[in-house]
Amino acid sequence: MNRQEAKKIIVEYAKLLAQSGMVTLYEGNLSLRCSDGYVITPSSTNKLTLKENEVIELDRDGIFANPECGKKISSEYRLHLEAYRVRPDVDACIHFHSTFATAYAVAGKAIEPKGDSTAIILYGEIPLCRYGRPRTDAIAADLKKYLPDHDAVLLENHGAMVVAKDMEAAFASAQIVEKTAQIEWLVKALGGESCLPDDEIEFLKQL
Ligand SMILES: [Zn+2]
């Protein structure tokens, strides 16, 4: 898939992400790795009305390749390029600030389910990357620590990020991360988890 073809997918899933309620209109960013570089949603642009010719293109070296699109590149592109660097097996990435996942990130807490068997099977845990200052390379500094072994991470004082083989899988993963954060929160409100035994948790993680 080349950059031109990938733009269609970015437009389709930007709209879905905005409609999902996980982000506000301008928040978050989606990207794809292509045969000839990368494409990513532009900064400060309505995701419901995004057009293909407004999608940012980066060449294979990560250089902004289509300034004629009239849009600005998001400073968070650094997160995406670093994710692709440390995960050569994935071609799609979504960064988002959904309410419950971001609440965990802002609280500085990883999501470590002990009772939700589905979440344990899917993620084991959703680790917390330490804070990195926005608009600098530090924002992505901790991805190399956790992303090699996890498809979803929280970004301390910031939000969340998922990677997957394609955009459909990444979108589903973002939905699951947010739902898992919601469930963990509600379970705490109900008095805490009905924890599974450690050996059962380890078994589920291997499934
Ligand atoms: Zn962000």
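**Overview of the pairing of strand E4 (residues 92-96)**
1) Next: Of all five residues in E4, five are buried; the element is thus mostly enclosed.
2) Next: Along E4, one buried face is formed by Ala92, Ile94 and Phe96 and the opposite face, lined by Cys93 and His95, is buried too.
3) Next: Bridge analysis of strand E1 (residues 29-34) against E4 gives four bridges, and the strand direction is antiparallel. Its bridge partner being in E4, Asn29 is matched across the sheet by His95.

**Side note on the packing of helix H1 (residues 3-20) against helix H6 (residues 167-189)**
1) Next: The N-to-C vectors of H1 and H6 enclose an angle of 15°; their axes lie 11 Å apart at closest approach. Judged by the inter-axis angle, H1 sits roughly parallel to H6. The interaxial crossing formed by H1 with H6 has right-handed handedness. Contacts between H1 and H6 involve Ile9, Tyr13, Leu16, Leu17 and Ser20 on the former and, on the latter, Met167, Phe171 and Gln175.
2) Next: Residues belonging to the contact of H1 with H6 are distributed by class as follows: six nonpolar, two polar and no charged.

**Points about H6**
1) Next: Compared with an ideal rise of 1.5 Å per residue, which puts 23 residues at 33 Å, H6 spans 33 Å between its outermost C-alpha atoms and is within 8% of the ideal.
2) Next: Listed as buried for H6 are Met167, Ala170, Phe171, Ser173, Ala174, Val177, Glu178, Thr180, Ala181 and Glu184.
3) Next: Positioned one or two residues after H6, Gly191 has a phi angle of 110°, which is positive.

**A few points about the sheet that holds strand E5 (residues 128-129)**
1) Next: Pairing within the open sheet is mixed, and its seven strands lie in the order E3-E2-E1-E4-E7-E6-E5. Every interior strand has two partners, whereas the edge strands, strand E3 (56-58) and E5, have only one.
2) Next: With five bridges connecting them, E4 and strand E7 (residues 159-164) associate as antiparallel partners. The residue bridging Cys93 from the neighbouring strand is Val163, located in E7.
3) Next: Running over the sheet, H1 touches E1, strand E2 (37-40) and E3 and is turned about 155° from E1.
4) Next: Here helix H3 (residues 99-107) sits on the sheet in contact with E5, strand E6 (152-155) and E7, set at roughly 115° to E7.

The rules behind each value
Residues numbered from 1 in each chain as written. Predicted model: local features only at pLDDT ≥ 70, side-chain atom pairs only at ≥ 80, totals over all residues. Buried ≥ 20, exposed ≤ 12 C-beta atoms within 10 Å, placed from the backbone. Helix = DSSP H or I, 4+ residues; strand = E, 2+ residues; numbered from the N terminus. Pairing = 2+ DSSP bridges. Axes fitted to C-alpha atoms, helices over the stretch in contact; angles between N-to-C directions. Parallel < 35°, antiparallel > 145°, perpendicular 65-115°, else oblique. Left-handed = near helix turned anticlockwise from the far one by under 90°. Contact = placed C-beta atoms within 7 Å. Nonpolar A, V, L, I, M, F, W, Y, C, P; charged D, E, K, R; others polar. Expected span 1.5 Å × (residues − 1).

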